Amino acid sequence: MLDPIPLSLVQSGIDLTEPKPVPGGGAVSWVQRWGRQSAIVIQHLDRRPPRLLSHGPDPAPGRGLGGACYTWTGGGAELVYVTSEGSLWLQPSDGSAGRMVTSIEGSCRAPAVDSMTAGGTSEFVVYVVDEARVMSTSLSSGETQRLDDGRHEFCFDPCVSPDGTMVSWAGWSPPDMPWDGAVRVDCSLATGAISITGIDDAAIQQPRFAPDGRPMHVHDGSGWLNVYLGGDTVVAESLEHAGPTWGMGNRSYDVSPDGARVAFTRNEAGHGSLNVVDLSSGEVERLGRGVHGHVMWLPDGESVVALRSGARTPTQVVIYEVGGGEATRRPLAVGPNEAWSSRDLPEPELVACESSDASATLHARRFVAGEGRTICWVHGGPTDQWQVEWRPRFSYWLSRGWDILVVDPRGTTGHGREYQQALHGGWGRLDVDDTADLLACSHSQGWSSPDRTVMMGGSSGGLTVLGVLADHGHLVAGGVASYPVSDLLALTEVTHRFEAHYTDTLVGPLPESADRYTELSPIHRADRIVQPVLVFHGTDDPVVPIEQSTALVERIRAVGGDIDYVVYDGEGHGFRDPVNVADEYARTEVFLDRIVGG
């Protein structure tokens, strides 16, 4: 068993995201966040100390493998970044005074410029406003024009062709979510003509261009998210090369400056790797294991920078030297506290079992502490996956003797389009039953027993927790649900714009499917929840309003149920205040000791 990890270590360190090479070579930049502050820094590869780059308003960083906060202009003399207020700021890299680029109403994201070569000069920046409008602004005159024609309600990740004549982005409209049917949109800057590239029963993401101008992107037309160049797959395989598009700035592949090689990520049953394929021979070289993102070639064409993490590897910015034989990895920055390096953390075991209806193979990963107590953890989304990456929360509970079973019920990404799309029409039913099947598998293998197993999950994962407690309560001793979805019909009336039509596919269109919403909502099965429950919710949650949990708690208490309810004032969809986070851990530990014991 690990020595108990203190909460102070879990909460320490900084968040790193969006590493990028500086045009001209010799340096890498990234965004880092600590507390409520953020900054863009530059690290020269001659090992000089990192230097602060952003001297204007604080940048608005992405999270994890998302980003879309900033871009370098041609030549690397300046960068354009999104401020915390949502505007664009141009900052010279020498530290001199910057200036506002946009005065447009709305929140900007995903800036991209028309030249990224060392000697090039950027004339304009393209970006997205309010996830809906693609705009172009001259960096000299400030003249601004709209590029999209309004046919798509959502526009993500604009990019500019190497010759500066074309802008492309991903677009989609409800009831689709981006992973259902996003298309590639190409706009000619000379004529304004727009063309659409779409694929039946597939979704496109990360549109870009190769150095020779050929279009590149990722799509799952084969059933798996693979990288495509000019219409042909780069590496055709039954593995995913990207994750779901929950935000802008995902960068899971990049083509080398000479166009000869493509660096790309693989999702290998939740584990990850970074690889390079030679386009002429088709030969694939693995650069390193671990979950990678923000993949970009350096100008030398022999090095790749990425964000990397794993179950035992704290999140770090790394450079892989890929020329001249075997790849070598060089860390540039590590986010979590260096005290983690002395901890011997476990890698998970892969778990697979047949569903009870024999229609699918279900997937999970199991971390073993060895004391016979299990937390069954369900990711949010539900169109998402917790890959084997750095999760200090897991390490905290492992160090206290809890095994962790991370379940991937159908609807989870990373296992192909069919597995992900299988949840359509069944959210609150299929994910619940699949999780129950994985729990039953764990019990049959002797890894756990119902009286020593606890459910945990937040948001959509919280819905699954509540569903298991209502329908399969004999498999667990209780559950912890953070800001859970409990009333699907109420969710359609108040949730934020990005997910406003999410339930159209996950449950069904309204009003004809209204009965289905009632059937699948845990709040209408609350009288069946007899095992103890601990519920957390923030008062300012914009995604799942706190009224959902309040109503759920009232219903469980009305039938004499055992439920603890904790409300954090001012918190949103996830808790940020260190005092509240510490309280959450403490209350959870008391709850677990009460229902399972030490």
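Everything here concerns the structure above.
Residues numbered from 1 in each chain as written. Predicted model: local features only at pLDDT ≥ 70, side-chain atom pairs only at ≥ 80, totals over all residues. Heavy atoms only, no water.

Caption draft 1: A look at the packing of helix H5 (residues 430-444) against helix H6 (residues 460-471). The interhelical angle for the contact between H5 and H6, taken along N-to-C directions, is 70°, at an axis separation of 9 Å. As far as their axial angle goes, H6 and H5 are roughly perpendicular. In this structure, the crossing between H5 and H6 has a hand that is right-handed. Contact residues: H5 offers Asp-431, Val-432, Thr-435 and Leu-439, while H6 offers Leu-463, Thr-464, Gly-467, Val-468 and Asp-471. Considered class by class, the residues forming the contact of H5 with H6 number four nonpolar, three polar and two charged. (Axes fitted to C-alpha atoms, helices over the stretch in contact; angles between N-to-C directions. Helix = DSSP H or I, 4+ residues; strand = E, 2+ residues; numbered from the N terminus. Parallel < 35°, antiparallel > 145°, perpendicular 65-115°, else oblique. Left-handed = near helix turned anticlockwise from the far one by under 90°. Contact = heavy atoms within 4.5 Å. Nonpolar A, V, L, I, M, F, W, Y, C, P; charged D, E, K, R; others polar.)

Caption draft 2: A look at the nonpolar core. Among the nonpolar cores identified, the biggest contains 38 residues, and Trp-377, Trp-397, Ile-404 and Leu-592 are the most heavily contacted of them. At five residues, helix H11 (residues 578-595) tops the list of elements feeding residues into this core. Non-local contacts of Trp-377, meaning those with residues more than four positions away in its chain, are made with Trp-386, Arg-393, Phe-394, Trp-397, Ile-404, Leu-405, Val-406, Val-407, Met-456 and Gly-457. Grouped together as the second largest cluster of nonpolar side chains are 37 residues, Phe-124, Val-185, Tyr-517 and Val-543 included. (Core = buried A, V, L, I, M, F, W, Y, C linked by side-chain atoms within 4.5 Å. Buried < 20%, exposed > 50% of the residue type's maximum accessible area, 1.4 Å probe, protein only.)

Caption draft 3: Region of the structure containing empty space enclosed by the protein. Summed over all chains, the structure comprises seven cavities of 30 Å³ or more. Lining of the largest cavity is provided by 16 residues; of these, Trp-179, Gln-205, Asp-220, Leu-225 and Gln-420 occupy positions nearest its centre. Listing elements by their share of the lining of the largest cavity, those giving two or more residues are helix H2 (178-181), strand S17 (204-209) and helix H4 (417-421). Across the lining of the largest cavity, the residue classes tally to six nonpolar, seven polar and three charged. The space that makes up the second largest cavity amounts to roughly 80 Å³. Of the residues forming the lining of the second largest cavity, the biggest block, three residues, is contributed by helix H3 (residues 392-398). (1 Å grid on protein atoms, 1.4 Å probe; cavity = no way out; pocket = protein on both sides within 12 Å on 5 of 7 lines; lining within 4 Å. Points joined across faces, edges and corners; volume = space filled by probe spheres on them.)

Caption draft 4: Structural detail: the pattern of salt bridges. Inspection of every chain in the model, using the stated rule, returns 32 salt bridges. The salt bridge partner of Arg-133 is Asp-130, with a shortest N-O separation of 3.6 Å. Classification of Asp-130 by relative accessible area gives partly exposed; the value is 36%. Arg-251 is the partner of Asp-254 in a salt bridge, and the nearest nitrogen-oxygen pair spans 3.1 Å. Residues joined in a network through salt bridges with shared partners are Arg-429, Asp-433, Asp-471, Arg-525 and Arg-528. (Salt bridge = Lys/Arg side-chain N within 4 Å of Asp/Glu carboxyl O.)

Caption draft 5: Region of the structure containing unusual backbone geometry. Cis geometry marks the peptide bond from Pro-174 to Pro-175; its omega dihedral reads 10°. Relative to the helices and strands, Pro-175 resides in the loop between strand S14 (166-172) and H2. A cis amide bond links Leu-510 to the next residue, Pro-511, at an omega of 10°. Among the secondary structure elements, Pro-511 is positioned in the loop between helix H8 (502-506) and helix H9 (514-520). Positive phi outside glycine occurs at Ala-68, with the angle close to 60°. Residue placement: Ala-68 occurs in the loop between strand S4 (51-52) and strand S5 (70-72). For Ala-68, a relative accessible area of 7% translates into the label buried. In this structure, Ala-110 is a non-glycine residue whose phi angle is positive, near 60°. With respect to the helices and strands, Ala-110 occurs in strand S9 (residues 108-113).

Caption draft 6: Inspection of the sheet that holds S14 at higher detail. Spatial strand order, S13-S14-S15-S16: four strands in an open sheet with antiparallel pairing. Two strands lie at the open edges of the sheet, namely strand S13 (154-160) and strand S16 (194-197), each paired on one side alone. Recorded for the sheet is a direction-independent mean angle of 25° between the axes of neighbouring strands. As judged from the four bridges shared by strand S15 (residues 183-188) and S16, these two strands associate in the antiparallel manner. Across the sheet, residue Val-185 finds its bridge partner in S16, namely Ile-196. (Pairing = 2+ DSSP bridges.)

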